[in-house]
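One letter stands for each residue in the lines below.
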Amino acid sequence: MTIALLSLAHLLLIALANSAHPRWTHPDLLFAVTVPPGFRASPAGAALVRRYRQLGWAGTALLAPVVLLPPRLGPAFLLAILGGLAVWLAAFVLSRRATLPYAAPVDPVRTAALEPRPEEVPGGLFALLAPFAVLAARAYECHLSWEEMPLRFPIHWGLQGPDRWTAKTPAAVYGQFATFALLCAVMLYMAWATVHRARRITAPASAARAQQRYRRLSAGGLIGLGWIFALGFPPLDNMTLTLPYAPFLLLAMVAVWLVAMVRSTWSDMPGGDQTADQHWRLGVFYVNPEDPALLVEKRFGLGWTLNFANPISWVLLAAIVGVPLLGLLVIR
Amino acid sequence: MLPPLIRIDLSIATPVYRQIVDAVRTHLVDGAFAPGDHLPPVRQLAMDLGVHFNTVAEAYRILAEEGWLDLKRRRGALVLRRGVPRPADPAAAMLFARRLRELVAEVRAAGVTRPRILRELLLVAKGLEA
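Residues numbered from 1 in each chain as written. Chains lettered and ligands numbered in written order. Predicted model: local features only at pLDDT ≥ 70, side-chain atom pairs only at ≥ 80, totals over all residues.

(A) Structural view of the overall build of chain B. Per the secondary structure count, chain B includes five helices and four strands. Along its sequence from the N terminus, chain B presents helices and strands in the succession β-α-β-α-α-β-β-α-α. For chain B, the spread of C-alpha atoms along the three principal axes comes to 45 × 35 × 35 Å. The buried share of chain B, reckoned over its 130 residues, is 23%. By sequence separation, contacts in chain B at least 24 residues apart represent 46% of the contacts at least 6 residues apart. (Helix = DSSP H or I, 4+ residues; strand = E, 2+ residues; numbered from the N terminus. Buried ≥ 20, exposed ≤ 12 C-beta atoms within 10 Å, placed from the backbone. Contact = placed C-beta atoms within 7 Å.)

Okay, structure coming up:
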């Protein structure tokens, strides 16, 4: 029952976040479509938002009983998270289609500040490199205490404690470190790219400060994730979680980060994101070979998304999807 | 103090690199930059404007050829103290006069009034005297 309620809570959280989503973008964007200023507050705009919420909540209501009656734990969580996301994504795509007739032409004028940016990622080089040093030190510690390590160690934890184990082999032990080092590398590169490879929209001073705060929050969240990976995972020291509360720490950190991101979104800043609608596939995937930026602001959700016309984006995507799979293969 | 801004219009026929050259040169002539100041690196300006790196690199190269910038440095482009060039030869002076007339004709055709053009020209002239 606990699992079912937890799954339901996930579903509701996804619904609440997505329901509030139309507020979390520039005021001249609605469902990833550039609209005239003030359109969102107009009767037509409000009706579109209302319809989006009705669609999303209707799908959530249909999904809720299925989540409450799961055959097993795994499917319940998967259904709650993937099903919930799919429902709201469908609502978003339908709403976007309904918004397209109201689209406004994108302003062809671009403005930029003619000054170098001395801005660095939060914490500087130390924040970017220290997680690798921590992982290397921990791997070396494992090497030194190899004989004392038990023959089997846990690799997965459920609510009741460890529920999956693997044998002690060099591939399993050091493979985990390598996997987490790669994950750290992806997170920290994304943090660096958020500061150095994302477009800065020139705006009045107060708005520019807000934009800088938003950018640093995004980068800080990714750096925090890298540090959690390095310090809390892989859980090999003494065969227990290095930080027994790491998953909860991770969840708490993500929650705090999300609240901070929501508070500093672009809802008060006019001027759009200076990207053209035709480069947004389904309003979610940005593909613009003319744009040198690797990261652009998301039009659906918070933070930044990759420019999929840039080959580096595909390398990063392959790493994000492939590295955990590789880790699982190594352990098995 | 706000940094000098550059504006380009992707919808007009003038190539983007030429718009960048014109805008940056205007700031340089107006004294918005002192010798030793840095312009943003090519990659940064290209990303902020959403144009190809080569477009900005070409604009910087033209300005370097004109003697405004030193591109040998690693961080961006260094603004140079530009010596006053020799007075333009008669052919160049005629070209200048023709281009100015063409520009005036273009803006008049676009609906800009004569008093407005005159006002802008006087402002430019005052800037030159200063």
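(B) Inspection of the sheet that holds strand S2 (residues 38-39) of chain B at higher detail. Residues and elements named next belong to chain B. With respect to topology, three strands assemble into an open sheet ordered S2-S4-S3, the strand pairing being antiparallel. Strands at the two margins of the open sheet, each flanked by one partner only, are S2 and strand S3 (69-70). Relative to strand S4 (residues 77-79), S2 runs antiparallel, the two being bridged by two bridges. Bridge assignment links His38 to a residue of S4, and that residue is Leu78. (Pairing = 2+ DSSP bridges.)

(C) Just unusual backbone geometry, in detail. All names here are of chain A. Residue Phe31 is not a glycine yet carries a positive backbone phi of 50°. Counting through the fold element by element, Phe31 comes out in the loop between strand S1 (29-30) and strand S2 (33-34). Here Phe31 falls in the buried class, since 27 other C-beta atoms lie within 10 Å of it. The residue Ala32 is not glycine, and still its phi comes out positive at about 65°. Its location among the elements puts Ala32 in the loop between S1 and S2.

(D) Fine view of the interface of chain B and chain A. Contact with chain B, which involves 27 residues of that partner, is made by 19 residues of chain A. Elements supplying a minimum of two residues to the side of chain B that touches chain A: strand S1 (5-9), helix H1 (16-30), S2 and helix H2 (42-49) of chain B. When residues of the side of chain B that touches chain A are assigned to their parent elements, the largest contribution, six residues, is made by H2(B). Residues of the side of chain B that touches chain A, tallied by class, amount to 16 nonpolar, seven polar and four charged. Note: strand S3 (residues 109-113) of chain A against S1(B), five bridges, orientation antiparallel. (Nonpolar A, V, L, I, M, F, W, Y, C, P; charged D, E, K, R; others polar.)

(E) Looking closely at the confidence of the model for chain A. With 85% of its residues at a pLDDT of 70 or more, chain A has an overall mean of 82. Of all the helices and strands in chain A, strand S4 (residues 152-158) of chain A carries the lowest mean pLDDT, 72, while strand S7 (residues 285-286) of chain A carries the highest, 92. (pLDDT = per-residue confidence, 0-100.)

(F) View of the domain arrangement of chain B. Taken domain by domain, chain B comprises domain 1 (16-79) and domain 2 (90-129). The gap between the C-alpha centroids of domain 1 of chain B and domain 2 of chain B is 25 Å. (Domains from an automatic or database assignment.)

(G) View of the packing of H1(B) against helix H3 (residues 53-65) of chain B. Residues and elements named next belong to chain B. Where H1 meets H3, the closest approach of the two axes is 8 Å, and the angle between their N-to-C directions is 45°. One element, H1, and the other, H3, form an angle in the oblique class. For the crossing formed where H1 meets H3, the hand is right-handed. Residues Val16, Tyr17, Ile20, Val21, Val24 and Arg25 of H1 form the contact with H3, whose participating residues are Thr55, Val56, Glu58, Ala59, Ile62 and Leu63. Here the residues of the contact of H1 with H3 sort into nine nonpolar, one polar and two charged. (Axes fitted to C-alpha atoms, helices over the stretch in contact; angles between N-to-C directions. Parallel < 35°, antiparallel > 145°, perpendicular 65-115°, else oblique. Left-handed = near helix turned anticlockwise from the far one by under 90°.)

(H) Summary view of the nonpolar core. The biggest cluster of nonpolar side chains holds 75 residues, and the ones touching the most others in it are A:Cys184, A:Met187, A:Ala191, A:Phe229, A:Leu295, B:Ile20 and B:Val56. The biggest single contributor to this core is helix H5 (residues 170-196) of chain A, with 10 residues. Dropping the residues within four chain positions of it, A:Met187 is found in contact with A:Leu222, A:Leu225, A:Gly226 and A:Phe229. (Core = buried A, V, L, I, M, F, W, Y, C linked by C-beta atoms within 7 Å.)

(I) Inspection of H2(B) at higher detail. Across the eight residues of H2(B), seven count as buried, placing the element largely inside the fold. Within H2(B), burial applies to B:Val42, B:Gln44, B:Leu45, B:Ala46, B:Met47, B:Asp48 and B:Leu49. Where H2(B) is buried, its residues meet S3 of chain A together with S1 and H3 of chain B. Positive backbone phi, at 70°, marks B:Gly50, one or two positions downstream of H2(B).

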